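# Tertiary structure, described
Here's the letter readout for the chains.
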Amino acid sequence: MNIYKLKYTTKVDAEKDLKEKGVYVETEEGLTYATGVHAVVELGKIITTYGTYDEEGNELTAPIYADGYHYDIMCEQDIDFGSNSIEVTNPKHGFLGHN
Amino acid sequence: MADTSLIIGNGNWAVKEDSLLGYNIIQGKYVPIEMNVSRNTTGTRVKNSAGLIEISPKNLFSQSQTFDNAGWTPYPAGALTVIPNVLATSAPNGTFTADKLVANAVAGDHWLLQTPTGSSINMQVTFSVFAKAAEYSNIQLYNNNGGGGVANFNLSAGSYTLLSGVTADIIPYPNGWYRCYITYIPILTNFNAQIRLANSPGNTTFTGDGTSGVFVWGAQLEVSPTPTDYFPTTDKFDIPRVDYSTGTASLLVEPQRTNLIPNGLGYNPVAGVLYDLTITDSPAIGINSARITKNVAAGGGDIYAQQINSNAALLGSTTYTLSRYFKYDGHTITTSMQYNNNAPWGGTGWNQEIIIAPTGVTLGVYNPFSQCTSTIKNAGNGWYRVNVTILTGAAPVGSPQDLMILKSSLSTGQGFLTALPQLEVGSNATSYIPTFAPLTPSAGVTRVADVITKTGISSLIGQTEGTLYFEVQGFSDGNLANQFITLNDGTVANQIGFNYGTNGFINGYFRVNANTLTISSTVLKTVNSKIILKYNSSNLYTLFINGSLIGTGTAASSFSSPLTTFKTSQGDNSAPYNGNIKSIVLYKTALSNPQCINLTTTP
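Since we're looking at a predicted model, the values are computed, not measured.

## Some points on the packing of aromatic side chains
Going through the model one piece at a time under the given rule, you end up with 25 aromatic pairs over all chains. When the ring of phenylalanine 484 of chain B is compared with that of tyrosine 509 of chain B, the centres are 4.7 Å apart and the planes differ by 85°; the resulting orientation is edge-to-face. One end of the pair, phenylalanine 484 of chain B, is in strand β38 (residues 484-488); the other, tyrosine 509 of chain B, is in strand β40 (residues 505-512), with 25 residues separating them in the sequence. The exposure class of phenylalanine 484 of chain B is buried, given its relative accessible area of 1%. We classify tyrosine 509 of chain B as buried; its relative accessible area is 8%. Over the ring of tyrosine 65 of chain A we find lysine 45 of chain A; its NZ or CZ atom is 4.7 Å from the centre of that ring. Cation over ring: arginine 196 of chain B sits above tyrosine 142 of chain B, and NZ or CZ is 3.7 Å from the ring centre.

## Digging into the side chain of threonine 348 of chain B
Residue and element names in this part refer to chain B. One can find threonine 348 in the loop between β28 (333-339) and β29 (351-357). Separated by 2.8 Å, the side chain of threonine 348 and the backbone oxygen of leucine 391 make a polar contact. Within the structure, threonine 348 has its side chain in polar contact with the backbone nitrogen of glycine 393 (distance 3.4 Å). For threonine 348, the residues in contact, after removing those within four places along its chain, are Tyr339, Asn342, Gln371, Ile390, Leu391, Thr392 and Gly393.

## Quick look at the interface of chain A and chain B
Between chain A and chain B, the contact holds 37 residues from the first and 51 residues from the second. When chain A packs against chain B, the two sides together hide about 3,300 Å² of surface, and 50% of this comes from carbon and sulfur. Here chain A and chain B share zero salt bridges between them. Our enumeration of links across chain A and chain B arrives at 14 residue pairs in polar contact (both at pLDDT 80 or more). Breaking the side of chain A that touches chain B down by element, the ones donating at least two residues are β4 (37-44), β9 (69-75) and β10 (93-95) of chain A. Take the side of chain A that touches chain B: its biggest share by element is six residues, from β4 of chain A.

The rules we used
Residues numbered from 1 in each chain as written. Chains lettered and ligands numbered in written order. Predicted model: local features only at pLDDT ≥ 70, side-chain atom pairs only at ≥ 80, totals over all residues. Heavy atoms only, no water. Phe/Tyr/Trp six-rings, centres within 6.5 Å; stacked < 30°, edge-to-face > 60°. Helix = DSSP H or I, 4+ residues; strand = E, 2+ residues; numbered from the N terminus. Buried < 20%, exposed > 50% of the residue type's maximum accessible area, 1.4 Å probe, protein only. Lys NZ or Arg CZ within 6 Å of the ring centre and 35° of its normal. Polar contact = N/O pair within 3.5 Å; in protein donor to acceptor, adjacent residues only side chain to side chain. Contact = heavy atoms within 4.5 Å. Buried area = accessible area lost by both parts, 1.4 Å probe. Salt bridge = Lys/Arg side-chain N within 4 Å of Asp/Glu carboxyl O.

The following block contains the structure:
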């Protein structure tokens, strides 16, 4: 089982690439996972430093975001995502039961 | 009544390693029926009518009784040999599946270890193994999470010595076997659990002889303060979940969901709020709850307990459900689940009042900022799960958090218990997905969808006539339509089953040689329903639900290829079903209408 951590410039770029790479396929019911793809998790804009808020909910400091728009993919097949595949040392997402 | 060809469930669910208990009409008895579950993550389930949640499968070890598998590692390399399936003794279950761990003729340590996968950090776990003396009569169980649980076990005397950890014990079994266990709390990632051979009590460093050792069987690592019934594993993920959240046993089939809350026990420090995270009274086995109390005297303004809900910006124009469990803690109070600031929710300001009283937990009255819809469910043992559904605005920005109000009128020490928070995309709360911060970082966690399949059962399916019986209950998941359970030929060209329409109603669904025939009902999917789909050799199809004949239809032809497969989806895996399945029964004959009405009528 492969778990890929992917970074794209935008969500549109990501969806286009995931279709081209065969992660998503079109069926009678619309867009669905290809055979062997177990999960596509849209993480989006990841926060590296949380914003802070006072007791009334007013923002004191704004959150800081990582670059890009992020996805995690779990699949059986080997897929070459090129430079969109990234190594992560401080993951913000995982799959239940997997370290 | 005609004979059934297959019964799954029928109030007698049982899950084995990769199997459900089914009834084989040819053998005339209940037998394990292998079901392929393509869920490559663990999950959770309500384990029994007591309402407690446990991780499923509970055994965090893979290859739990095949110690010669590569999932286990002799350490140091070459110091220990595993002899599988010895004939010198039977295992505790009477089979010849016990292994022998032999210390090789080298000086030093002789260990067998496994690094378990799973989110078990900061949770109390129990590591157990069945062991029996052979030439040696001592073992040590050890975990390497920074000096955590360690205990020595004497397999002749039936005694143990706990060196560190929470507790240990040795439980006698027939025929010289003992179940040895230690309980501890891992605090590091990638900890491993070790079975260490000893040639005398506590002496794990010695020179073996290549033949002497101990017998072992059935290792289990579980989130629990004590060992529970042993559950064997090979690949530990794809296990069907039998769930009691509806009060009776049913098969739980859920979609992919991510609990976005990065640490279920992580709360923001706030002046005047005290978080006690050591509370073991919880809806889930081995997962603490939080006691949240006011830490200043009555008076002044309201203050708020706070928790970060996601470590990513929320998606715009998307429906989320935030769920928490609450329990009375000695004081009747009104608290809340509410937004921290509407910017992280895209401009949606939402607020759900929650009243916690000795008689139970209820939803509060309308609040002018309540841009949410909420439900509540009694989870048993005094716990209630509150589910708040929120539609975000177009462009959320910022760190989403939720607040739980502690009103100014409360005195020091007054508050409530809360547990198992979960924020997920979707209009319903699904089964709990544990999230814990190891030390750093913290992360959201995904449970992958359950899709359950049984192939190669054409002999159990009537090909020209038959009757299918389902007892099911769908989730309150908005308008997620086109969810199917079908018998099919592996494609969408030939299939029989039911689906949910866009209006949330149950439909009979027949697709014969690529021509679709739908029989619509007005029975909501969220109603526990007994459904029969009947077809005969004249290609007449009939739908019954809950004691009523709903409708009929006639197909132009018979199936162009044999029905071979059961799936909780269409034949091509699309449009998966989400909900509970209480029973499935197949008949190879078309029952009479009165029989169908009788079968679908609840006594």
